[in-house]
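Summary of the model geometry
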Amino acid sequence: MKEQKQRWHDFTNYLILEADGQGSVQLEIYDTPRSQFKVQAYICRLFVEPEARRRGIAYSLMMAAEATAKALGHDAIFLEWREGEGSKETLEWYHRLGYEDWGWNEDQILLKKSLS
């Protein structure tokens, strides 16, 4: 895995790349918690090239993002699943990884995983 770090106005963006360039995950670490859910470590993008899917790359990227958040002192990590952008299979996969429904509206679910 390769990791790139960019500092923005009120958060730090970590782009974690799979070694062969077949996938990436983007983790945002906010300086202060956002929303009523107190989101501070947030996975905003996960992508694996279609021809490289079902090889464990997404799992490895998620574990790397979680490890980065934990190493930075966070005890929880969040992500969103949106109907129309992600399949129900993907939502079920997040649940199997330990993410729990934390909040929702009509077409999206905020998921949280404890890192402690």
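Attention here is on the structure that accompanies the text. Numbering of residues starts from 1 in every chain and runs along the sequence as written. Thresholds applied to this predicted model are a pLDDT of at least 70 for local features of residues and 80 or more for the giving and counting of side-chain atom pairs; totals over whole chains, interfaces and linings are not thresholded and use all residues. The side-chain figures draw on all heavy atoms in the structure; neither hydrogens nor water molecules are used.

**Things to note about the overall build of the protein**
Quick reminder of the rule: Numbering goes from the N terminus for both helices and strands, where a helix is a DSSP run of H or I of at least four residues and a strand is a run of E of at least two. Within these notes, the globule rule equals 2.2 Å times the number of residues to the 0.38 power, and the radius of gyration is based on C-alpha atoms. Buried means the residue's accessible area, taken with a 1.4 Å probe over protein chains only, is under 20% of the maximum for its type, while exposed means over 50%, and partly exposed covers the values in between. In what follows, a contact means two residues having at least one pair of non-hydrogen atoms within 4.5 Å.
Broken down by element type, the protein carries 2 helices and 7 strands. Shown N-terminal to C-terminal, the secondary structure of the protein runs as helices and strands in the order β-β-β-β-α-β-α-β-β. What you see for the protein is a C-alpha radius of gyration of 14 Å, in line with the 13 Å of a compact globule of 116 residues. If you line up the protein on its principal axes, its C-alpha atoms span 40 × 35 × 25 Å. When the 116 residues of the protein are sorted by exposure, 39% land in the buried category. The long-range share in the protein, meaning contacts at least 24 apart out of those at least 6 apart in sequence, stands at 47%.

**Some details on the packing of aromatic side chains**
Our working rule: Two aromatic rings from Phe, Tyr or Trp, using only the six-membered ring of Trp, form a pair when their centres are within 6.5 Å; if the ring planes differ by under 30 degrees the pair is stacked, by over 60 it is edge-to-face, and anything between is tilted. Cation placement over rings: the criterion is NZ of Lys or CZ of Arg within 6 Å of the ring centroid and within 35° of the ring normal.
For the structure shown, the criterion picks out 5 aromatic pairs. Considering the side-chain rings of Y94 and Y99, the 6.2 Å spacing of their centres and the 65° angle between planes classify their relative orientation as edge-to-face. An identical accessibility class is assigned to Y94 and Y99; each is buried. In textbook terms, an aromatic cluster arises when at least three aromatic residues are bridged by ring pairs, as seen for W8, F11, Y30 and Y42. Above the face of the W102 ring, K112 is positioned so that its terminal group lies 4.0 Å from the ring centre.

**Describing the pairing of strand β3 (residues 23–34)**
Heads up, the condition is: The rule for pairing is simple: two strands pair if DSSP sees at least two bridges between them.
With 7 bridges connecting them, strand β2 (residues 11–17) and β3 associate as antiparallel partners. Bridging across to β3, L17 finds its partner in S24. Counted between consecutive antiparallel strands, the loop separating β2 from β3 contains 5 residues, among which G21 sits at a positive phi close to 75°. As paired elements, β3 and strand β4 (residues 39–48) share 8 bridges and run antiparallel to each other. Paired with L27 across the two strands is I43, which belongs to β4. Here β3 folds back onto β4, and the loop between the two strands holds 4 residues, one of which, S35, carries a positive phi near 65°.

**Description of the sheet that holds strand β7 (residues 108–114)**
Think of a sheet as strands paired side by side through backbone hydrogen bonds, with each pair either parallel or antiparallel. Convention followed: Orientation is described by lines fitted to C-alpha atoms, with helices fitted over the stretch in contact, and by angles between N-to-C directions that extend from 0 to 180 degrees.
Strand order in the open sheet formed by 7 strands is β1-β2-β3-β4-β5-β7-β6, and the pairing between neighbours is mixed. If you trace the sheet from one side to the other, it starts and ends with β1 (2–7) and β6 (100–104), each paired once. Shown here is a sheet whose adjacent strand axes are inclined to one another by a mean of 25°, direction ignored. Pairing geometry for β6 and β7, over 4 bridges, is antiparallel. Bridge pairing links E100 to K112 in β7. Across the sheet, helix α1 (residues 57–71) touches β1, β2, β3, β4, β5 (76–82) and β7, and the angle it forms with β4 is around 160°.

All quantities given are derived from atomic positions and should not be read as evidence of function.
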